[in-house]
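Each chain, written out:
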Amino acid sequence: MRHWLRVCVLILALGAAAPALALQPQPPKEFVPVDEVPPGEQIPAINMVAAAYGFVWVAVLGYVWSIARRLKHVESELSDLESRRK
Amino acid sequence: MRKLTTPFIGLSAGMLFVAPWLINMAPFESTMGLVQKIFYFHFPAAILFLVSAIVCGIASIRFLFFKKASADAWAIASAELGLLFGALTLVTGPLWARKAWGVWWVWDPRLTMSLVLFLIFAAYTILRKFGGPGSDKLAAGMALFGMLNVPFIYVSVNIWRTLHPMTSVVPTLPTEFGIPLWFCFAAFTMLFIALLNLRATLALQQARIEALYLDEDEA
């Protein structure tokens with residue numbers, strides 16, 4: 001008897017939860033292309049392209065500047081040392 | 001070689017200024033659209049990243065077996081350029097991937113091993129700067145591991161199917177995509193050669209300064 005009572009309570013509880021479960025958003029059943037995701041979750045391609053090219057330019061120019069500065073410093077130090085030895 | 005540095009830098013700078021115009025003229029790729037245009041800088045940077053590892057490895061072998069100071073300078077120069085081109089590859093790649101794949105990063109063999117190669121270059125550079133006496137040989141050994149990584153990185157996309165395109169994509173590109181790509185590749189290659197030469201010159205001069213200071217201390 002107690003066993004049947006437990007089964008009935010469980011069925012009632014599941015029945016009460018059914019509306020709440022129905023309100024849950026359904027998970028996607030398959031792959032969603034990036035262009036079809038909601039606009040709020042999309043990043044415009046132009047931002048990515050601008051960031052990529054901007055980073056390349058900044059990194060390359062920064063490195064060229066760094067090499068030029070270090071070469072200038074080393075060459076002046078070398079000429080100082082060589083003149084001191086003479 | 002030093003004579004070629006200035007014309008190479010000038011020519012590559014001119015070509016890189018023209019490159020955006022050529023890239024803009026290239027048609028949009030049908031599935032990825034605008035974001036595919038990152039490819040024109042991503043591919044040359046990635047190839048030169050691998051070339052840096054090969055140059056660093058060969059120079060390190062020459063340094064380890066023949067004790068050539070010039071080979072050590074080339075190894076230092078290529079490791080630093082590996083860091084630069086590795087950073088360009090590892091930043092432009094995820095920016096493209098986020099739009100094309102929907103994720104910034106996946107732990108697939110090519111991306112993971114590229115990150116490992118970048119970390120090897122970082123370790124090499126830190127070791128050479130702060131390692132003290134004997135660090136040159138240890139760093140040279142590390143560069144060999146970096147070079148051994150290169151074939152694995154290159155063929156990994158053909159062995160394991162991942163999100164990253166296979167190596168067959170570039171040789172089969174239509175002409176209208178190929179022209180801006182090989183133009184950018186030529187510009188980056190000239191820049192790479194010029195910077196490699198300048199950085200090796202800097203390393204040789206730094207070694208000469210150290211030798212002069214040692215002479216002064218002994219005198």
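Residues numbered from 1 in each chain as written. Chains lettered and ligands numbered in written order. Predicted model: local features only at pLDDT ≥ 70, side-chain atom pairs only at ≥ 80, totals over all residues. Heavy atoms only, no water.

Student: What am I meant to see in the overall build of chain A here?
Tutor: Within chain A, the regular secondary structure consists of two helices and zero strands. The buried share of chain A, reckoned over its 86 residues, is 19%. For chain A, the accessible area works out to roughly 7000 Å², and carbon and sulfur atoms hold 68% of it. (Helix = DSSP H or I, 4+ residues; strand = E, 2+ residues; numbered from the N terminus. Buried < 20%, exposed > 50% of the residue type's maximum accessible area, 1.4 Å probe, protein only. Areas by Shrake-Rupley, 256 points an atom, 1.4 Å probe, with all protein chains shown as cover.)

Student: For this particular structure, what's the right way to read the overall build of chain B?
Tutor: Regarding its fold elements, chain B presents six helices and zero strands. Tracing chain B from N to C terminus, the helices and strands come up as α-α-α-α-α-α. Here the C-alpha coordinates of chain B stretch approximately 70 × 40 × 25 Å along the principal axes. Evaluated residue by residue, chain B yields a buried proportion of 49% over its 219 residues. In chain B, once contacts between residues fewer than 6 apart in sequence are set aside, the share between residues at least 24 apart is 76%. Total accessible area on chain B stands at roughly 10600 Å², and carbon and sulfur atoms take up 72% of it. (Contact = heavy atoms within 4.5 Å.)

Student: What is the right way to look at the packing of helix α3 (residues 69-100) of chain B against helix α6 (residues 175-218) of chain B in this model?
Tutor: Axis angle and axis distance: for two packed helices, these are the angle between their axes and the distance between the axes, and together they describe the pair. Residues and elements named next belong to chain B. For the pair α3 and α6, the least separation of the axes is 8 Å and the interaxial angle reads 135°. Considering the angle they form, α3 stands oblique to α6. Seen along the crossing, α3 lies across α6 with a hand that is right-handed. Across from Ala69, Ser70, Ala73, Trp74, Ile76, Ala77, Ser78, Glu80, Leu81, Leu84, Phe85 and Leu88 in α3, the residues of α6 making contact are Phe188, Phe192, Leu195, Leu196, Asn197, Arg199, Ala200, Ala203 and Leu204. Tallied by class, the residues present in the contact of α3 with α6 amount to 16 nonpolar, three polar and two charged. (Axes fitted to C-alpha atoms, helices over the stretch in contact; angles between N-to-C directions. Parallel < 35°, antiparallel > 145°, perpendicular 65-115°, else oblique. Left-handed = near helix turned anticlockwise from the far one by under 90°. Nonpolar A, V, L, I, M, F, W, Y, C, P; charged D, E, K, R; others polar.)

Student: Before we go on, may I ask you to explain the pattern of salt bridges in this structure?
Tutor: Throughout the structure, instances matching the rule amount to four salt bridges over all chains. A salt bridge links arginine 70 of chain A to glutamate 80 of chain B, with the shortest nitrogen-to-oxygen separation between them at 2.7 Å. With arginine 70 of chain A in helix α2 (residues 45-85) and glutamate 80 of chain B in helix α3, this pair bridges two chains. Residue classification places glutamate 80 of chain B among the buried residues on the basis of a relative accessible area of 11%. In this structure, the salt-bridge partner of glutamate 80 of chain B is arginine 199 of chain B, at a minimum N-O distance of 2.9 Å. Of this pair, glutamate 80 of chain B sits in helix α3 while arginine 199 of chain B sits in helix α6, and the two are 119 residues apart along the sequence. Comparing glutamate 80 of chain B with arginine 199 of chain B, the two get one shared label, buried. (Salt bridge = Lys/Arg side-chain N within 4 Å of Asp/Glu carboxyl O.)

Student: Mind showing me how you'd approach the interface of chain A and chain B here?
Tutor: Facing the 31 residues of chain A at the interface are 38 residues of chain B. The junction of chain A with chain B conceals about 3400 Å² of combined surface from both sides, 74% of it contributed by carbon and sulfur atoms. Close ionic contact of glutamate 82 of chain A with arginine 208 of chain B constitutes a salt bridge, the shortest N to O distance being 2.2 Å. Connecting chain A to chain B are five residue pairs in polar contact (both at pLDDT 80 or more). (Buried area = accessible area lost by both parts, 1.4 Å probe. Polar contact = N/O pair within 3.5 Å; in protein donor to acceptor, adjacent residues only side chain to side chain.)

Student: Teacher, can you tell me more about the side chain of threonine 5 of chain B here?
Tutor: Residues and elements named next belong to chain B. The residue threonine 5 is located in helix α1 (residues 2-25) in this model. In terms of polar contacts, threonine 5 uses its side chain to reach the side chain of asparagine 197, at 2.6 Å. Discounting residues that sit within four places of it in the chain, threonine 5 has contacts with Ala194, Asn197 and Leu198.

Student: Explanation requested: the nonpolar core in the structure shown.
Tutor: Side chains that are nonpolar tend, in soluble globular proteins, to be buried together. Tyr40, Phe41 and Phe85 of chain B are the most contacted members of the largest nonpolar core, which totals 72 residues. Counting only elements with at least two residues in this core, the list comes to α2 of chain A together with α1, α2 (39-66), α3, α4 (109-130), α5 (135-159) and α6 of chain B. The element that contributes the greatest number of residues to this core is α6 of chain B, accounting for 17 residues. Dropping the residues within four chain positions of it, tyrosine 40 of chain B is found in contact with Tyr53 of chain A together with Ile23, Ala26, Phe177, Pro180, Leu181 and Cys184 of chain B. (Core = buried A, V, L, I, M, F, W, Y, C linked by side-chain atoms within 4.5 Å.)

Student: Teacher, can you tell me more about α2 of chain B here?
Tutor: Given 3.6 residues per helical turn, the α-helix brings residues three or four places apart onto the same face. With 28 residues, α2 of chain B should reach 40 Å at 1.5 Å per residue; the first-to-last C-alpha distance of 40 Å fits that figure. Directly beyond the C-terminal end of α2 of chain B, a positive phi value near 55° is found at lysine 67 of chain B. (Expected span 1.5 Å × (residues − 1).)

Student: Even after reading the chapter, I still don't get α5 of chain B, so can you show me in this structure?
Tutor: Residues and elements named next belong to chain B. Between its terminal C-alpha atoms α5 stretches 36 Å, which fits the 36 Å expected from 25 residues at 1.5 Å a residue. For α5, the full list of buried residues reads Ser135, Ala139, Ala140, Ala143, Gly146, Met147, Asn149, Val150, Ile153, Ser156 and Val157. In this fold, the buried residues of α5 make contact with α2 and α4.

Student: I tried to follow a nonpolar patch on the surface on my own but got confused; where do I start?
Tutor: Taken together, the side chains of Phe152, Tyr154, Val155, Ile159 and Trp160 of chain B make up a nonpolar region of the molecular surface, amounting to roughly 470 Å² of accessible area. Its place among the elements puts isoleucine 159 of chain B in helix α5. (Patch = residues over 30% accessible without salt bridge, like charges linked within 9 Å, V, L, I, M, F, W, Y side chains within 5 Å.)

Function-wise, these values are silent; they only describe arrangement.
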